[in-house]
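Take a look at the letters that make up each chain.
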Amino acid sequence: MTVYSHINSKDIEKAARERLVERGVTIRDIAEVVYLMQEPYHSTLTIDDCIESVDRVLEKREIQHAILVGVELDVLAEKGMLSEPLQSLIAKDEGLFGVDETIALGAALGYGSIAVTTYGHLDKQKVGVIERLDTKEGEQCHTFLDDIVGSIAANASSRIAHRHRDLLDGMTDEDLIIRDEEDRL
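Residues numbered from 1 in each chain as written. Predicted model: local features only at pLDDT ≥ 70, side-chain atom pairs only at ≥ 80, totals over all residues. Heavy atoms only, no water.

### Observations concerning the overall build of the protein chain
Scanning the protein chain for helices and strands turns up 10 helices and zero strands. Each helix and strand of the protein chain, ordered N terminal to C terminal, gives the series α-α-α-α-α-α-α-α-α-α. Taken over C-alpha atoms, the radius of gyration comes to 17 Å for the protein chain, in line with the 16 Å a tight globule of 185 residues would show. A principal-axis box enclosing the C-alpha atoms of the protein chain has dimensions of 55 × 40 × 25 Å. When burial is assessed residue by residue, the protein chain has 42% of its 185 residues classed as buried. Taking contacts inside the protein chain between residues at least 6 apart in sequence as the whole, the part at least 24 apart equals 72%. (Helix = DSSP H or I, 4+ residues; strand = E, 2+ residues; numbered from the N terminus. Rg over C-alpha atoms; globule rule 2.2 N^0.38 Å. Buried < 20%, exposed > 50% of the residue type's maximum accessible area, 1.4 Å probe, protein only. Contact = heavy atoms within 4.5 Å.)

### Regarding the pattern of salt bridges
Should their charged atoms come close, side chains of opposite charge can pair. This model, assessed by the stated rule, comprises 11 salt bridges. Glu 78 is the salt-bridge partner of Arg 23, the closest N and O atoms lying 2.3 Å from each other. Of this pair, Arg 23 sits in the loop between α1 (9–22) and α2 (27–38) while Glu 78 sits in helix α4 (residues 61–78), and the two are 55 residues apart along the sequence. One salt bridge connects Arg 56 with Glu 59, and the closest N-O pair in it is separated by 2.7 Å. Taking the relative accessible area as the measure of exposure, Arg 56 reaches 22% and is therefore partly exposed. Taking the relative accessible area as the measure of exposure, Glu 59 reaches 16% and is therefore buried. Here the residues in one salt-bridge network are Lys 14, Glu 18, Arg 19 and Glu 22, joined through shared partners. (Salt bridge = Lys/Arg side-chain N within 4 Å of Asp/Glu carboxyl O.)

### Quick word on helix α7 (residues 112–125)
Between its terminal C-alpha atoms α7 stretches 20 Å, which fits the 20 Å expected from 14 residues at 1.5 Å a residue. Buried residues of α7: Ala 115, Thr 118, Tyr 119, Leu 122 and Asp 123, and no others. When α7 is viewed along its axis, its buried side chains cluster within an angular range of 140° and face the same direction. Residues of α7 that are exposed and angled more than 90 degrees away from the buried face: Ser 113, Thr 117 and Lys 124. Looking at the packing, one finds that the buried side of α7 touches α2, α6 (99–108), α8 (129–134) and α9 (145–168). (Expected span 1.5 Å × (residues − 1). Arc of directions from axis to C-beta.)

Taken by themselves, the reported measurements are silent on function.
In structure tokens, the structure reads:
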């Protein structure tokens, strides 16, 4: 087994973004969920605002790690490569198996209580791409991915809500750039 002493952050982000695409999830898919969540509160919100917010969320290491771990477990379950009973728990998306939600919820914690409550809503309502991933039809297993996508959408929604307040409070463009840099950590 090869273990690297240093893994470049850009390589991790690139891999996480590639895993989403490989699993049939686009940034726009997630942005459409964000738009549905935030449009009632922001009359001038555009899908491009939502795409930008999803992009910023995908720059966060916690999110990247959640994507990489979750997708890997989904793929291993598809291939029948996990030991029992874990194989069956993940392959069937067992209702009382909450590790998928735990990872997604942990990833939502970085964007505050709005992200956490929005994630809970999305986990129950299965909006947009989340519903498609949760259908359990076809060959692919998305036990982890549907929840992680919900977490990404919740985080991007929270980011928009906080940014909207920052703009109302008169933050400058420079202040907003600094805030974005801080959020990425």
